[in-house]
Amino acid sequence: MTGIVYLNDRFVSEPDARISVYDGGWLHGAGLFETMRAENGCVFRLESHIERLRRSASKLLMAIEPEALPDRNVFAELLERNSLKAARVRLMVTAGSMRGHRTTDNSDFTVCATVADLSPYPADFYEKGVPVIICDFRISPSDPLAGHKTTCYLPRLLGLRQAQQGKCVEALWFTTANRLAEGSISNVFIIKNGVLNTPPLDTPVLPGITRGIVLEIARQIGIEVQECPLTVNDLLDADEVLLTNAIMQVMPVIRVEKHDIHNGRAGPLGKRLLQEYRTRVKEECMSK
Ligand code: PLP
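Note that the structure is a prediction, hence the values are computed from the model and not measured. (Residues numbered from 1 in each chain as written. Predicted model: local features only at pLDDT ≥ 70, side-chain atom pairs only at ≥ 80, totals over all residues. Heavy atoms only, no water.)

## Considering the site of the ligand
Move 1: Taken together, 18 residues lie around the ligand, and Arg52, Lys149, Tyr153, Ile209 and Thr210 are the ones closest in.
Move 2: A distance of 2.5 Å separates an oxygen atom of the ligand from a polar side-chain atom of Lys149.
Move 3: Note that an oxygen atom of the ligand is positioned 2.4 Å from one of the side-chain N or O atoms of Tyr153.
Move 4: Protein coverage of the free-state accessible area of the ligand, which is 390 Å², stands at 95%.
Move 5: Those elements that provide at least two residues to the shell around the ligand are helix H2 (46-60), strand S9 (180-183), helix H6 (209-220) and strand S13 (240-245).
Move 6: Looking at side-chain class alone, the shell around the ligand contains five nonpolar, nine polar and four charged residues. (Near = heavy atom within 4 Å. Polar contact = N/O pair within 3.5 Å; in protein donor to acceptor, adjacent residues only side chain to side chain. Areas by Shrake-Rupley, 256 points an atom, 1.4 Å probe, with all protein chains shown as cover. Helix = DSSP H or I, 4+ residues; strand = E, 2+ residues; numbered from the N terminus. Nonpolar A, V, L, I, M, F, W, Y, C, P; charged D, E, K, R; others polar.)

## A few points about the nonpolar core
Move 1: Leu180, Leu196, Leu235, Val241, Leu243, Leu273 and Tyr277 are the most contacted members of the largest nonpolar core, which has 40 residues in total.
Move 2: Secondary-structure elements contributing two or more residues to this core are strand S7 (130-139), strand S8 (170-175), strand S10 (187-192), H6, S13, strand S14 (249-256) and helix H8 (268-287).
Move 3: The biggest single contributor to this core is H6, with six residues.
Move 4: Setting aside residues up to four positions removed in sequence, Leu235 forms contacts with Ile134, Leu172, Phe174, Leu180, Ile190, Val241, Val256 and Ile261. (Core = buried A, V, L, I, M, F, W, Y, C linked by side-chain atoms within 4.5 Å. Buried < 20%, exposed > 50% of the residue type's maximum accessible area, 1.4 Å probe, protein only. Contact = heavy atoms within 4.5 Å.)

## Some remarks on the domain arrangement of the protein
Move 1: Its domain assignment divides the protein into domain 1 (4-117) and domain 2 (123-287).
Move 2: If you average the C-alpha positions of domain 1 and of domain 2, the two centres end up 26 Å apart.
Move 3: Taken residue by residue, the interface counts 23 residues in domain 1 and 24 residues in domain 2.
Move 4: With both chains or domains summed, domain 1 and domain 2 bury close to 2,200 Å², and 62% of this area falls on carbon and sulfur atoms.
Move 5: There are three salt bridges connecting domain 1 and domain 2.
Move 6: The closest approach of N and O atoms between Glu216 and Arg45, which form a salt bridge, is 3.4 Å.
Move 7: Between domain 1 and domain 2 we count eleven residue pairs in polar contact (both at pLDDT 80 or more) in total.
Move 8: Listed by contribution, the elements that provide at least two residues to the side of domain 1 that touches domain 2 are strand S3 (31-39), H2 and strand S5 (87-94). (Domains from an automatic or database assignment. Buried area = accessible area lost by both parts, 1.4 Å probe. Salt bridge = Lys/Arg side-chain N within 4 Å of Asp/Glu carboxyl O.)

## Points about a nonpolar patch on the surface
Move 1: Residues Val21, Tyr22, Trp26 and Leu27 make up a contiguous nonpolar surface patch of roughly 450 Å² in combined accessible area.
Move 2: Here Trp26 lies in helix H1 (residues 24-28).
Move 3: Classification of Trp26 as exposed rests on a relative accessible area of 65%. (Patch = residues over 30% accessible without salt bridge, like charges linked within 9 Å, V, L, I, M, F, W, Y side chains within 5 Å.)

## What about the packing of aromatic side chains?
Move 1: Summed over the entire model, instances satisfying the criterion amount to five aromatic pairs.
Move 2: Considering the side-chain rings of Tyr6 and Phe11, the 5.4 Å spacing of their centres and the 65 degrees angle between planes classify their relative orientation as edge-to-face.
Move 3: On the accessibility criterion, Tyr6 (6% relative accessible area) is buried.
Move 4: Look at Tyr121 and Phe125: their rings are 6.1 Å apart centre to centre, the planes differ by 35 degrees, and that puts the pair in the tilted class.
Move 5: A relative accessible area of 21% places Tyr121 in the partly exposed class.
Move 6: Looking at Phe125, the relative accessible area reads 24%, which means it is partly exposed.
Move 7: Over the ring of Phe33 we find Arg90, and its NZ or CZ is 4.1 Å from the ring centre.
Move 8: We note Arg156 situated over the ring of Trp173; from NZ or CZ to the ring centre the distance is 4.5 Å. (Phe/Tyr/Trp six-rings, centres within 6.5 Å; stacked < 30°, edge-to-face > 60°. Lys NZ or Arg CZ within 6 Å of the ring centre and 35° of its normal.)

## Observations regarding the pairing of S3
A regular strand places its side chains on the two faces of the sheet in alternate fashion.
Move 1: Burial analysis of S3 places eight of its nine residues in the buried class, which makes it a mostly covered element.
Move 2: Where S3 lies against S5, eight bridges are found, and the strand directions are antiparallel. Within the sheet, the bridge partner assigned to Met36 lies in S5 and is Val89. (Pairing = 2+ DSSP bridges.)

## Considering the pattern of salt bridges
Move 1: Applying the stated criterion across every chain, the model contains 17 salt bridges.
Move 2: The shortest N-O distance in the salt bridge between Arg37 and Glu39 comes to 2.8 Å.
Move 3: Judged by relative accessible area, which is 6%, Arg37 ranks as buried.
Move 4: Residue classification places Glu39 among the buried residues on the basis of a relative accessible area of 11%.
Move 5: Between Lys128 and Asp124 there is a salt bridge whose closest N-O contact spans 3.6 Å.
Move 6: Lys128 gets classed as exposed once you look at its relative accessible area, which sits at 52%.
Move 7: Here the salt bridges do not stand alone but share partners, grouping Arg37, Glu39 and Lys282 into one network.

This is the structure we're talking about:
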């Protein structure tokens, strides 16, 4: 079946969706994207994803007005046109045609949204937990792209490939100063003595939308939260380790390299946070 995509204010069938060969995303990776989760034909926390993309655009590309981006109705129509209720939803903004431009100061954005089957992770990953590796690559706090979800995603995909080659689900990245940062495609949490710890945003890490919601839930249900620098010893010594992103939601880690976490079993706080998170997704997507 040929899908329908949204490209620069129009719904078009996938084979007819064309962009310039001079597009900054294609030429230089000058682009940003969001991966979102839709349930019941509704994108969960769309506004937070759009806000993050706009913040990154104004730092790395050019300021982009909210009107230039698809709104809730556009996403609802895109899902409907593709007969999808539960989906992986992607919004992408690139610098547009950069023919003749030597910098990314170009407001001729290309804006594209696509939807695909949700293809959730297997239920086993949540019940039994997943193994992860420590990535060979490092994040440098002085990398101008660190903390932004840019289309320069190849290092992240190479990190994931390392994980998959070791039959693992994620590769955890450290900074050049040996601080735990995040996964290749997720944020990371450590639970120790009932306290939920996660690396602070200036580590740097991506300000994950799921990360923010998990912190919000933890505070609401009375779990103490700390955003603080973490080392490899904190990771290996954790009672529970969790990964978060919009598609994973909250996923327990039961092994880091050869080291078992929580005796190789998914722990209780992670389960509680996942349950609460899923309840919020259901409630918010049913009510819109
Ligand atoms: N960190 C990185 C590097 C990511 O690529 C992602 C998502 O793809 C996340 C964290 C989690 O972000 P979110 O919760 O907004 O999906």
